[in-house]
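Letter by letter, the chains look like this.
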Protein chains: 2
Amino acid sequence: MSEFNDKQVDILLAAEQLFAEEGFDGASIRTIAKLAHVNIAMISYYFGSKEKLLEALIIHRTSSMKMQLENISREDLSPFEKVDRLIDLYIWRINENKCMYQIMHFELTTKKRILNMESFMEIKKSNAEIFRRIIEEGQQKGDFRKDLTIELIPPTILGTIVHFRSNRLYFEKILGLDTEEAYESYITNELTLHIKQTIKALLANEN
Amino acid sequence: MSEFNDKQVDILLAAEQLFAEEGFDGASIRTIAKLAHVNIAMISYYFGSKEKLLEALIIHRTSSMKMQLENISREDLSPFEKVDRLIDLYIWRINENKCMYQIMHFELTTKKRILNMESFMEIKKSNAEIFRRIIEEGQQKGDFRKDLTIELIPPTILGTIVHFRSNRLYFEKILGLDTEEAYESYITNELTLHIKQTIKALLANEN
DNA sequence: CAACAAATTAAACAAACGTTTAATTTAAAC
DNA sequence: GTTTAAATTAAACGTTTGTTTAATTTGTTG
């Protein structure tokens with residue numbers, strides 16, 4: 001299945017967690033090795049260097065993210081239903097890959113490492129393509145209004161989720177979410193609803 | 001005016017830039033000192049430690065961010081106009097403090113430093129309070145719909161901007177923004193418009 | 001079982017890190 | 001002009017960093 005053996009996967013999982021929790025510079029080879037239960041030399045042995053480990057991790061994760069949207073685009077649903085399904089998928093995907101999204105957010109903004117983000121950009125591009133197709137379909141049917149900047153809708157969806165997750169402590173406090181489950185369930189329920197409500201209001205043709 | 005002398009401000013400015021560009025762990029005392037044109041020992045001398053420098057920086061910046069929203073709330077404008085002004089202010093503020101927002105985004109999500117973020121949370125809370133007041137005013141006038149989760153509207157505004165800024169390379173590419181000015185002007189024009197359009201659509205009462 | 005490559009280890013490496021020291025310069029007060 | 005404190009410096013401190021070495025164990029093949 002995967003191109004990595006068990007030990008390599010252990011290292012990748014440990015690195016993913018620690019890079020997300022402490023940042024690339026904050027996480028050390030020694031703590032990663034300890035969490036993965038391997039000797040520190042194994043990381044250089046398998047991946048070459050710390051930076052190459054990050055690169056392998058990004059490619060490993062992003063390549064497994066591809067082509068989930070295609071299905072929705074093909075299903076026999078109304079444009080509004082498709083947007084609904086799309087938002088569910090966005091939220092689900094960030095849920096499943098929150099560590100990776102955390103890492104990427106930092107790596108994309110930092111000027112330190114200009115490593116190969118092509119694979120990540122390609123995914124975003126093909127996702128955007130599919131998204132555009134679905135919106136334009138709704139516009140042709142007269143369901144959606146036409147004066148929209150389609151490229152800016154995914155940022156609103158993704159941005160809302162990411163912002164909510166990165167200000168977790170604040171929202172836990174003001175919304176009274178005192179357990180992990182309460183917080184996660186708020187995302188899959190209220191937050192999802194809010195996003196759907198927002199996007200539908202934006203798309204809806206008033207005529 | 002400020003509690004810091006010129007040299008201390010130099011250090012704070014250098015730290016702000018480098019913490020934002022390379023992360024807290026990625027930026028070293030030596031590079032900060034070099035950028036600020038001071039001896040490396042001056043940082044410990046004035047601030048005590050690297051971590052305390054970050055803390056001083058956060059307090060320094062956040063305390064100067066306070067109470068800009070109050071004015072809008074008091075002005076004699078329609079609810080829709082107020083929301084308009086509010087979004088302008090949000091965007092302007094992130095523009096002015098993009099380094100600080102960048103730093104905070106990382107520090108809020110990292111599990112490493114659980115330093116005193118109270119001052120930052122207090123600002124957010126009082127901002128949210130003012131925002132709520134403006135929305136509820138619009139609801140009473142019948143301009144805004146009533147089935148809204150008001151707490152989730154700022155995340156949509158802020159999230160969209162932050163997401164757009166942190167995926168800069170990607171959006172520069174797909175939108176053909178090949179200069180710094182083109183990118184910044186896109187934010188103050190098209191992106192601002194998109195956010196206003198989105199929030200107004202969400203708020204608008206269909207009756 | 002001998003031979004070989006792959007996997008694994010503890011130890012050492014140089015470089016960079018944040019911080020401190022101790023000496024010197026600058027500035028202010030009397 | 002002397003005294004006293006603050007500011008500034010180069011150098012050294014002990015750790016920790018990512019990486020490499022060289023030796024040993026493990027597993028596989030003939």
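Thresholds applied
- Residues numbered from 1 in each chain as written.
- Chains lettered and ligands numbered in written order.
- Predicted model: local features only at pLDDT ≥ 70, side-chain atom pairs only at ≥ 80, totals over all residues.
- Heavy atoms only, no water.
- Near = heavy atom within 4 Å.
- Polar contact = N/O pair within 3.5 Å; in protein donor to acceptor, adjacent residues only side chain to side chain.
- Helix = DSSP H or I, 4+ residues; strand = E, 2+ residues; numbered from the N terminus.
- Nonpolar A, V, L, I, M, F, W, Y, C, P; charged D, E, K, R; others polar.
- Contact = heavy atoms within 4.5 Å.
- Buried area = accessible area lost by both parts, 1.4 Å probe.
- Salt bridge = Lys/Arg side-chain N within 4 Å of Asp/Glu carboxyl O.
- Buried < 20%, exposed > 50% of the residue type's maximum accessible area, 1.4 Å probe, protein only.

**Q** Looking at this structure, I do not really get the protein's contact with DNA strand D. What am I missing?
**A** Around DNA strand D, 16 residues are found, and the nearest of them are Ile29(A), Arg30(A), Ser49(A), Lys50(A) and Tyr45(B). The protein-proximal atoms of DNA strand D, defined as those within 4 Å of the protein, are 48% sugar or phosphate. Take Tyr46(B): an N or O atom from its side chain is 3.3 Å from a phosphate oxygen of DNA strand D. Of all the elements in the fold, those that place two or more residues in the surface near DNA strand D are α2 (29-36) and α3 (41-47) of chain A together with α3 (41-47) of chain B. The greatest single-element share of the surface near DNA strand D, amounting to four residues, is contributed by α3(B). Classifying every residue of the surface near DNA strand D by side-chain character gives eight nonpolar, four polar and four charged.

**Q** What am I meant to see in the interface of chain B and chain A here?
**A** For an interface, size is often stated in terms of accessible area lost upon the parts coming together. Taken together, the contact between chain B and chain A spans 49 residues of the former and 49 residues of the latter. Here chain B meets chain A over a buried area of about 4700 Å², counting both sides, of which 63% is carbon and sulfur. Remark: the boundary between chain B and chain A carries one salt bridge. Of all the secondary-structure elements, those providing two or more residues to the side of chain B that touches chain A are α1 (6-22), α7 (98-109), α8 (118-140), α9 (153-166), α10 (168-175) and α11 (180-203) of chain B. It is α9(B) that provides the largest number of residues to the side of chain B that touches chain A, a total of ten residues.

**Q** What is the right way to read the pattern of salt bridges from this model?
**A** Any two side chains of opposite charge can pair, so long as their charged atoms come close to each other. Under the definition given, this model contains 27 salt bridges over all chains. Close ionic contact of Arg168(A) with Glu180(A) constitutes a salt bridge, the shortest N to O distance being 3.1 Å. With Arg168(A) in helix α10 (residues 168-175) and Glu180(A) in helix α11 (residues 180-203), the pair connects residues that are twelve residues apart, well separated along the chain. Taking the relative accessible area as the measure of exposure, Arg168(A) reaches 26% and is therefore partly exposed. Take Glu180(A): its relative accessible area is 40%, and that puts it in the partly exposed class. The shortest N-O distance in the salt bridge between Glu172(B) and Arg168(B) comes to 2.9 Å. Here the residue Glu172(B) and the residue Arg168(B) both occupy positions in helix α10, the gap between them amounting to four residues, near one helical turn.

**Q** Please explain the protein's contact with DNA strand C as it appears in this structure.
**A** The immediate surroundings of DNA strand C are formed by 17 residues, with Tyr45(A), Ile29(B), Arg30(B), Ser49(B) and Lys50(B) found nearest. Backbone sugar and phosphate groups make up 47% of those atoms of DNA strand C lying within 4 Å of the protein. Contacts to DNA strand C include Arg30(B), whose side-chain N or O atom sits 2.8 Å from a base nitrogen. One nitrogen or oxygen atom from the side chain of Lys50(B) is found 2.7 Å from a phosphate oxygen belonging to DNA strand C. For the surface near DNA strand C, the secondary structure elements donating two or more residues are α3 of chain A together with α2 (29-36) and α3 of chain B. No other element matches the four residues that α3(A) contributes to the surface near DNA strand C.

Note that every value here comes from positions in space, so none of it alone points to a role or purpose.
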